[in-house]
Protein chains: 4
Amino acid sequence: MEITISRTKCFCGIFGITNHKNAAMMSYYGLHALQHRGQEASGMVTHDRENGKDVFRIIKGEGLVSEVFDDFDEWQPQLTGNAAIGHNRYSTTGSSNSRKNIQPFIVNYHSGNLAVAHNGNLTNDTKLRKWLESEGSIFQTTSDTEVILHLIAKSKKKSQIDQIVEALDFLEGAFSVVILTDNYLVAARDKLGFRPLCLGKLGDSYVVASETCAFDIISAEYIRDIEPGEVVVIPLIDGDSELESRALEGKNGERKQCIFEYIYFSRPDSMIFGHYVDKIRRRLGKILARKYPVLPVKPDEKVIVMSVPDSSNTAALGYARELEKMGVDARFEIGLLRSHYIGRTFIEPGQENREMRVKIKFNPVKGVLKDKIVVVVDDSIVRGTTSKQLINLIREAGPKEIHFRISSPPIMHSCYYGMDFPSKEELIAFKMDGNVDAIKDYIGVDSLSYLTIADLQEAVKEDNPDDYCTACFSGEYPTRVDFNFTKEHYEV
Amino acid sequence: MEITISRTKCFCGIFGITNHKNAAMMSYYGLHALQHRGQEASGMVTHDRENGKDVFRIIKGEGLVSEVFDDFDEWQPQLTGNAAIGHNRYSTTGSSNSRKNIQPFIVNYHSGNLAVAHNGNLTNDTKLRKWLESEGSIFQTTSDTEVILHLIAKSKKKSQIDQIVEALDFLEGAFSVVILTDNYLVAARDKLGFRPLCLGKLGDSYVVASETCAFDIISAEYIRDIEPGEVVVIPLIDGDSELESRALEGKNGERKQCIFEYIYFSRPDSMIFGHYVDKIRRRLGKILARKYPVLPVKPDEKVIVMSVPDSSNTAALGYARELEKMGVDARFEIGLLRSHYIGRTFIEPGQENREMRVKIKFNPVKGVLKDKIVVVVDDSIVRGTTSKQLINLIREAGPKEIHFRISSPPIMHSCYYGMDFPSKEELIAFKMDGNVDAIKDYIGVDSLSYLTIADLQEAVKEDNPDDYCTACFSGEYPTRVDFNFTKEHYEV
Amino acid sequence: MEITISRTKCFCGIFGITNHKNAAMMSYYGLHALQHRGQEASGMVTHDRENGKDVFRIIKGEGLVSEVFDDFDEWQPQLTGNAAIGHNRYSTTGSSNSRKNIQPFIVNYHSGNLAVAHNGNLTNDTKLRKWLESEGSIFQTTSDTEVILHLIAKSKKKSQIDQIVEALDFLEGAFSVVILTDNYLVAARDKLGFRPLCLGKLGDSYVVASETCAFDIISAEYIRDIEPGEVVVIPLIDGDSELESRALEGKNGERKQCIFEYIYFSRPDSMIFGHYVDKIRRRLGKILARKYPVLPVKPDEKVIVMSVPDSSNTAALGYARELEKMGVDARFEIGLLRSHYIGRTFIEPGQENREMRVKIKFNPVKGVLKDKIVVVVDDSIVRGTTSKQLINLIREAGPKEIHFRISSPPIMHSCYYGMDFPSKEELIAFKMDGNVDAIKDYIGVDSLSYLTIADLQEAVKEDNPDDYCTACFSGEYPTRVDFNFTKEHYEV
Amino acid sequence: MEITISRTKCFCGIFGITNHKNAAMMSYYGLHALQHRGQEASGMVTHDRENGKDVFRIIKGEGLVSEVFDDFDEWQPQLTGNAAIGHNRYSTTGSSNSRKNIQPFIVNYHSGNLAVAHNGNLTNDTKLRKWLESEGSIFQTTSDTEVILHLIAKSKKKSQIDQIVEALDFLEGAFSVVILTDNYLVAARDKLGFRPLCLGKLGDSYVVASETCAFDIISAEYIRDIEPGEVVVIPLIDGDSELESRALEGKNGERKQCIFEYIYFSRPDSMIFGHYVDKIRRRLGKILARKYPVLPVKPDEKVIVMSVPDSSNTAALGYARELEKMGVDARFEIGLLRSHYIGRTFIEPGQENREMRVKIKFNPVKGVLKDKIVVVVDDSIVRGTTSKQLINLIREAGPKEIHFRISSPPIMHSCYYGMDFPSKEELIAFKMDGNVDAIKDYIGVDSLSYLTIADLQEAVKEDNPDDYCTACFSGEYPTRVDFNFTKEHYEV
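Just so we're clear, the structure is a prediction, and the values are computed from it rather than from any experiment.

Topic: the overall build of chain A
A count of helical and extended segments in chain A gives 18 helices and 24 strands. In terms of C-alpha radius of gyration, chain A reaches 23 Å, essentially the compact-globule figure of 23 Å for 492 residues. Looking at chain A residue by residue over its 492 residues, the buried ones come to 66%. Long-range pairs, those at least 24 residues apart, make up 72% of the contacts in chain A with a sequence separation of at least 6. Per element, the accessible surface of chain A, about 16,900 Å² overall, is 47% carbon and sulfur. Counting 60 positive and 70 negative side-chain charges, chain A places the averaged centre of each group 3 Å from the other.

Rendered as structure tokens:
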């Protein structure tokens, strides 16, 4: 039976910093670097101590980091304090929930202030929510994050860290989370480590972020990843206090990191799960070339390798280079121009005219493609409609042949761990029963090849093949999943 | 010992309606009529049943009703359903809390949806909040209303109405409240009935509102007041179901209605606590004239009676008429023009120049006042600074004498029941130890007279003198009050 | 034959000041005081001299003064300089022209900078515009003001003042105008002086304004009116320079001042055309009472006199007092409450439901009117629809009789001099052929009386009866009028 | 002597279309494709005929096309008509002139409506403006475009086309212009053809645009360029009317096309001046490699060629390929990630911290650059500050050597024809007297090479070398230039 993925559980970027006099400013830069992980909304919370009192300050709103925090003179004096956490939220366009669900969340409970920013998707949140309600909890949002807050508040443990660990132990599914209290910055990753979370250092400050590109922008140094099932506790008190590492129940070295982070989501200049994303993508392109090369009939015929910018640029470069090594007269070219003036506000007037959607975003570079054998490398195919229109567009530039190469396997299953795929029925590979030939015909290319799961595992060959979750390709979900999960039953 | 009144507990206007196909539109009109009770923010919640599911819709924001609901085509299609509640919020300018504290509040708990709009100020909220936190509740705002929601969610009672009654039984202080659930509209008033709340009928619909002027605008009929300590339960199911009346613990016929509602806050065209406001105000003016007349030395000399528009218009009319009856050649004149173009957005550039504040709002009508004996009637004096500047302004118009008559006693004490007075130390009457002569000199008038508490009681002579709270004049608070109450300790 | 009044020619408020270090701030206050003359848009221009260069600064926009100039810290540092002019524009809702037509206008021409703000309506603007176009002028707006600018630029006179006087000599119709150049503030009134314009002094500064209420707010002293046909030239150079008075061609002592300024438009606390508005309005009420009293059949029966607030308050007071003098037991009461929370943003959802328009604005005070003989005093009837609904509303409060008294004659003709009446066909008095009985029946009152033109003239008996324009009542236009005038033929 | 370039004369994108039922929509798409030519402001004018009358409709505002035209349902019904012109304006941040100078301009003159959109910079505008003012013209803006409008209005010619041609004959300098009248769309290019302007066809419609990428998005077909000194007249009347070509005085086949359009400004997928931009850029990269190769000491050492994205991508690809052909083990890599989330709203808090400007926009891909010989290809160096910081940033990624290659000669002179360079004194090449070694040291690279003007001419070898303006490199201005030109002397 099929489900509707709730759009309130989603891909996001998180950031945290301690012991820095410009904590909010550093977070601002960090969130900017993580903008690709969430463009719908952004928020920051700082912790300050005024006259012996702990004060939390928050600013959050809809839009890009540069839109929510557009008036420096306004927000900078407000967000005082030496510690901060921040969050970018992925698009959940049109949801009437959107305003209330913007993170971080901030509340007051028996042990003081509490702010949480969360990336991932819990798989037992419905059950937890029902239990909490039966205990008298009230919910103002449909967000997983509120569940986490209630679990912490419910804990009877004395120490705040114990409360947090107990709460996190209840959770199933994917989460990377930063929590700010009056005394600590806590950063944790679920037991299987679906989503990335990195630890860094900047002078005397600790920094945590979804990806290392957020460290680069503030010149922080990468130390290590937060481990799957690890809870890192960083005291806010400056001075000699050291960070403490706690383990969640069930932490056992097993990991199920999201391979799609490498394929599409993370930035190529980031290092996550121990590798530079750029390096893995280039490998994916090379494997793709070795296994599914495009070899011209006439040996001296030229082959143009192009990407669908920007996410498949590196894979396309790898593909071109590997083809060259095979003696083919291949070269990487920029065959599609991508407009960066679209943003969230671009309307597509006349929705009937769907082909405009692609034309507004892409224009083929005619001189480059005319009469050429063209290999188009893309990172994935989801619904297939965009690919079809894009290929149509490229076709108008007059290439001799178009070969489509995908640097991932066919996406056949929904993701319950935070990747924002549509429902199964909308996935072209599911609809066509995994028949690559049928997909090829639908999209209208001369040939189409995907990678296999084994190919992906080869690209991360330094790691154990089981270290990665490939459920969207294989359907093998590493945790219990509530297939009956339905969308939130009320709208706020 | 002195306290700071939390600005999150405050004067407001509330409205509710059932069984009306244009429930949101009726609420819009009702809230517009109640605009004087709160200009900072406004909100509405509707209940709809879609495919057998109960859905709550909410729109709220900062500004006047006409600003929050400025695009009819946008909000009207969203706020579907046959039942609604609404709320106007009084100014708490500059509070960083303001956005989150806008009412109604809407949450989800074990028994379904719940929305609350509240007018008044609880006196035991700090205690309740601490207890709830110790039980694992988390708070997102500093509002009393959230306390009410938690108490309902905590109740172990089976029936939702029992849960609500149990929760309200916990509360001390002043509250008039409307609650919307999936099945009921509940309207209740605290045991002493500090704030008004009226019940009306419009066709097959029940209506509740802070004042009857909200009934007039939608041509609803006034039935009766909700009684002090009464909980009125109106089923949302259309048809034969009748409303049910429940009693709060301690309901015993005693009442302590806020006399200041008559003096200043309510609209003159409303009926509250059983009387037209306009009628009581005229009586206050007449009593003021009888007890503190201005009698010219030369019997044929003319006396001009003017009001500080608009709240003291009726009292001034009563004063003038009574003086005339006493044989004085007195007449009511419009001596001050009031600008209605100020609104919430008006800046006062050059804050140092305080006198501009008054000039921006008022201009004396010179021809009327020149060389005359002038009686200025006002409803009250709070800090005294505005009165002083206003009298200065009138003085410039060249009157022979200025006599200042106040249709209430000196305000000497803070209000813990929802009236937005400043702290005691800022009250001119407290600062001058109740010395009327000193106040007269400070303000700079030829004579100054206030009413006494007994005079107020005479104005509502149909009622028992003990039926009204006069704590701001007498300091005799009818409930326990936490004088150590301090402002919220965190800002959200 | 009938015409459509162009909404771009209109009622407005103008202001100017010289030689004041806070020229913009003074203008801000002045415009605020003149807000009633125009709520659609507002603007200011200042003149500054920087490094020997003349610089004009301008800010203008749609909305109230307090909305256009809502951020003091933003506009105050921009509008530098010692001289300024400002303008408030009357509502021309929905016109796509509106943005471009906001005044003041500012241009650069051969003799330097030029800014103009204008109140009135030219009657030969179409002819002038055609002639200017034939000479190569291009027009960016449909405003009269742009015509004035072109005429000045076209002048071959050497001295800038001669250029301006020559340009103004071309104009026919109504205008009060302030002009700012690099060297002068010029204030002028058309030969017949339709619209008011006053001259004042504030320390070493000269001030001009449509009404004296703009002087009061900044504590400036009224000196005299700018005379009909007078051009007052005030040098910007501080020090000994004195103002110069020039005469327009045709200035001959004749005047045709708009009597409607007294009846409705000006503020009661202003002095215009040599009288306090308040005084004239009271006289109108008294004459109305003397000529059309409401005398109860039973001599001891009470009569309630009420106004339609706020514009007819003073006339109603005068009416009540005069009736009293005649021995009637009459008294002035506040019978209608007016909401001041409407503003420009208030929507009337469900336009079909026209009666809501009136209910949103007014509510009768029931206790006051029930079973009483009620006299409702209003300043004028235009279309009659609002009056009809208002009387309906009052009727619901249960009065015994309603007598309607109008402090002006029936409006039968369009105004070509700046008053924003609708076309003749929409005027109830024109539609009913001046038949007062028919109007009475339409509105639904027990009796209806208007004043006559002679009555108006009696109210300004100190002046020559011919000093006032009464064309909207009599149809006798004091200048040539282009009855074929049609609306602008292009939209910008 | 040095000058300040007026920011009101600038680079822009223009578009026009006739005889299309969705003229505004086509313009919307066209302007979107031309967005790179101007991001500050955007506007459209349509021509409609209603009831036999010609009506011009206009919408314009600050921001991107997608921001100015963000509500499709709002603008689409307003911009009716079969013909339209549009304009994108280049950044002139902070100018108080900005609002008034947004194009197209629309006016009314003796021959009807007139709208103009203009790209380029007149060199005799000050003289023309003075002359026009002496003839009685008034100016509302500081824009060249207003000068053009006045010249047309001044013309005594009978035919509107003659008026326009006469006006354009007066102009000196650079202009590509589209003019809409009640009867024609006119497109013209100055005698030397500095700026591009293309003619296309879409069904029965003619289309004109700055670049052919605006044709691609609406699937229009490119026909030919508007010739230097050509005035193309397209009748708006549908049917058999054909376009007419007129010649400006002085049109003689000579041309001085801006070579910088190829180097940086135009889109690589456009064809302008007869060539695909992409092709010329690749040639520039190849010539750069042939003349200034980076040859490793050890012949088998690898060389990484990277671009400063996005404008130098193609040149970098050409460089890498040519190096490969020379037997070097060179490859193109994506060494810098560029953030596209910056937009116009991004603030750089802490302006002192200038290096953040670059870090916010770019992040090096560390794995790619570490220990490598790196060639960075950029299109030009203006002030040198950004280049310096960018090289610093790349240096942090640990390359062995950095070689900087510029696909244009040193910029030594201001542009008077519309390119928005800063003043001469701010140009690094001017400051360092053209000393490449000094610039190399300033920027901090191991080697630095520029192209020569002859190299540029080789890249467009199909054309006559004299067909291009290279004044910014050589100082040889092809027209008279007013070196004393100073900034506008008033601000509006």
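Topic: the packing of helix α5 (residues 125-134) of chain B against helix α6 (residues 144-154) of chain B
Residue and element names in this part refer to chain B. Two elements in contact, α5 and α6, have axes whose closest approach is 10 Å; the angle formed by their N-to-C orientations is 45°. Classified by the angle their axes make, α5 and α6 are oblique. Judged by the twist between their axes, the crossing of α5 over α6 is left-handed. Contacts from Asp125, Leu128, Arg129, Trp131 and Leu132 of α5 reach α6 at Asp144, Val147, His150, Leu151 and Lys154. Partitioned by chemical class, the residues of the contact of α5 with α6 number five nonpolar, one polar and four charged.

A closer look at the interface of chain A and chain B
Taken together, the contact pairs 31 residues of chain A with 31 residues of chain B. Across the interface of chain A and chain B, roughly 2,700 Å² is buried in total on both sides, 51% from carbon and sulfur atoms. Considering only the side of chain A, the residues that lose the most area to chain B are A:Asn108, A:Ile138 and A:Gln140, jointly responsible for 23% of the buried surface there. At the boundary of chain A and chain B, one finds zero salt bridges. Here chain A is connected to chain B by two residue pairs in polar contact (both at pLDDT 80 or more). Listing elements by their share of the side of chain A that touches chain B, those giving two or more residues are β3 (53-62), α4 (98-101), β5 (105-109), α5 (125-134) and α6 (144-154) of chain A. Taken together, the residues of the side of chain A that touches chain B sort by class into 11 nonpolar, nine polar and 11 charged.

Observations concerning the pattern of salt bridges
Any two side chains of opposite charge can pair, given that their charged atoms come close. In total, this model carries 97 salt bridges over all chains according to the counting rule given. The partner of A:Asp278 in a salt bridge is A:Arg282, and the shortest N-O contact between them spans 3.4 Å. Separated by four residues within a single helix, A:Asp278 and A:Arg282 lie in helix α10 (residues 277-291), roughly one turn from each other. Overall, A:Asp278 belongs to the buried group, its relative accessible area being 4%. The shortest N-O distance in the salt bridge between D:Glu462 and D:Arg283 comes to 2.5 Å. Separated by 179 residues along the polypeptide, D:Glu462 in the loop between α17 (453-459) and β24 (468-469) and D:Arg283 in helix α10 (residues 277-291) bring together distant segments of the chain. With a relative accessible area of 45%, D:Glu462 lands in the partly exposed category. What makes D:Arg283 buried here is its relative accessible area of 17%.

Observations concerning the interface of chain A and chain D
Contacts between the two partners involve 57 residues from chain A, matched on the other side by 57 residues from chain D. Here chain A packs against chain D, burying approximately 4,900 Å² in sum over the two surfaces, 58% of which is carbon and sulfur. At the junction of chain A with chain D, the criterion picks out four salt bridges. Here D:Arg282 ties to A:Glu333 by a salt bridge, and the two come within 2.5 Å at their closest N and O atoms. One can count 18 residue pairs in polar contact (both at pLDDT 80 or more) joining chain A with chain D. Broken down by element, the residue count for the side of chain A that touches chain D peaks at five residues, all from helix α11 (residues 313-325) of chain A. In the side of chain A that touches chain D, the residues fall into 27 nonpolar, 14 polar and 16 charged.

Here's the deal with the domain arrangement of chain A
All names here are of chain A. Each assigned domain of chain A is listed here: domain 1 (12-263) and domain 2 (274-462). Each of domain 1 and domain 2 has a C-alpha centre, and the two are 35 Å apart. With 20 residues of domain 1 at the interface, the matching set in domain 2 holds 21 residues. Taken together, the two surfaces of domain 1 and domain 2 that pack against each other cover about 1,600 Å², and 66% of this comes from carbon and sulfur.

Let's talk about the arrangement of the chains
Spatially, chain A and chain C are disjoint, and the shortest separation between their C-alpha atoms is 13 Å. The smallest C-alpha distance separating chain B from chain D is 13 Å, and no contact links them.

A look at α6(B)
An α-helix turns once per 3.6 residues; consequently, residues spaced three or four apart project the same way. Most of α6(B) sits out of view: 11 of its 11 residues are buried. Considered for burial, the residues of α6(B) that qualify are B:Asp144, B:Thr145, B:Glu146, B:Val147, B:Ile148, B:Leu149, B:His150, B:Leu151, B:Ile152, B:Ala153 and B:Lys154. If you follow the buried residues of α6(B), they end up packed against α6 of chain A together with β5 (105-109), β6 (112-122), α5, α7 (160-170) and β7 (173-181) of chain B. A side-chain oxygen of the first residue of α6(B) lies 3.0 Å from the backbone nitrogen of B:Thr145; this N-cap is B:Ser143.

Remarks on the sheet that holds strand β7 (residues 173-181) of chain C
All names here are of chain C. Pairing is antiparallel across the open sheet formed by six strands, whose spatial order is β5-β6-β7-β8-β12-β13. Here the strands that pair on one side only, and so sit at the sheet edges, are β5 (105-109) and β13 (244-247). Mean inter-strand twist for the sheet, computed between neighbouring axes without regard to direction, equals 20°. Bridge analysis of strand β8 (residues 184-189) against strand β12 (residues 230-235) gives five bridges, and the strand direction is antiparallel. Looking across to β12, one finds that Tyr184 is bridged to Pro235.

As for the pairing of strand β21 (residues 373-378) of chain D
Residue and element names in this part refer to chain D. Taken across its six residues, β21 has six buried, putting it largely inside the fold. Side chains Ile373, Val375 and Val377 project from β21 onto one buried face, and the interleaved Val374, Val376 and Asp378 project onto a second face that is buried too. As paired elements, strand β17 (residues 302-307) and β21 share five bridges and run parallel to each other. When the bridges of β21 are listed, Ser307 appears paired with Val377. The sheet contact formed by β21 and strand β22 (residues 401-406) spans six bridges and is parallel. Bridge pairing in β22 places Val376 opposite Phe404. Remark: the β21/helix α14 (residues 385-396)/β22 crossover connection has right-handed handedness.

A short note on the packing of aromatic side chains
Residue and element names in this part refer to chain A. Counted by the stated rule, this structure contains 66 aromatic pairs over all chains. Summarising the aromatic geometry, the rings of Phe194 and Tyr417 are spaced 4.1 Å apart at their centres and angled 15° between planes, so their arrangement reads as stacked. Pair noted here: Phe194 is in the loop between β8 (184-189) and β9 (198-202) and Tyr417 is in the loop between β22 (401-406) and α15 (428-431), with a separation of 223 residues, a long-range link. Assigned by exposure class, Phe194 and Tyr417 land together as buried. Note on Tyr262 and Phe273: the rings are 5.8 Å apart at their centroids and 90° apart in plane angle, and the pair reads as edge-to-face. Residue Tyr262 is located in helix α9 (residues 260-265), and its partner Phe273 is located in the loop between β15 (271-272) and β16 (275-276); the two are separated by 11 residues in the primary sequence.

Definitions and cut-offs
Residues numbered from 1 in each chain as written. Chains lettered and ligands numbered in written order. Predicted model: local features only at pLDDT ≥ 70, side-chain atom pairs only at ≥ 80, totals over all residues. Heavy atoms only, no water. Helix = DSSP H or I, 4+ residues; strand = E, 2+ residues; numbered from the N terminus. Rg over C-alpha atoms; globule rule 2.2 N^0.38 Å. Buried < 20%, exposed > 50% of the residue type's maximum accessible area, 1.4 Å probe, protein only. Contact = heavy atoms within 4.5 Å. Areas by Shrake-Rupley, 256 points an atom, 1.4 Å probe, with all protein chains shown as cover. Lys, Arg positive; Asp, Glu negative; His and termini not counted. Charge placed at Lys NZ, Arg CZ, Asp CG, Glu CD. Axes fitted to C-alpha atoms, helices over the stretch in contact; angles between N-to-C directions. Parallel < 35°, antiparallel > 145°, perpendicular 65-115°, else oblique. Left-handed = near helix turned anticlockwise from the far one by under 90°. Nonpolar A, V, L, I, M, F, W, Y, C, P; charged D, E, K, R; others polar. Buried area = accessible area lost by both parts, 1.4 Å probe. Salt bridge = Lys/Arg side-chain N within 4 Å of Asp/Glu carboxyl O. Polar contact = N/O pair within 3.5 Å; in protein donor to acceptor, adjacent residues only side chain to side chain. Domains from an automatic or database assignment. Pairing = 2+ DSSP bridges. Right-handed = clockwise from strand over helix to strand, strands pointing away. Phe/Tyr/Trp six-rings, centres within 6.5 Å; stacked < 30°, edge-to-face > 60°.

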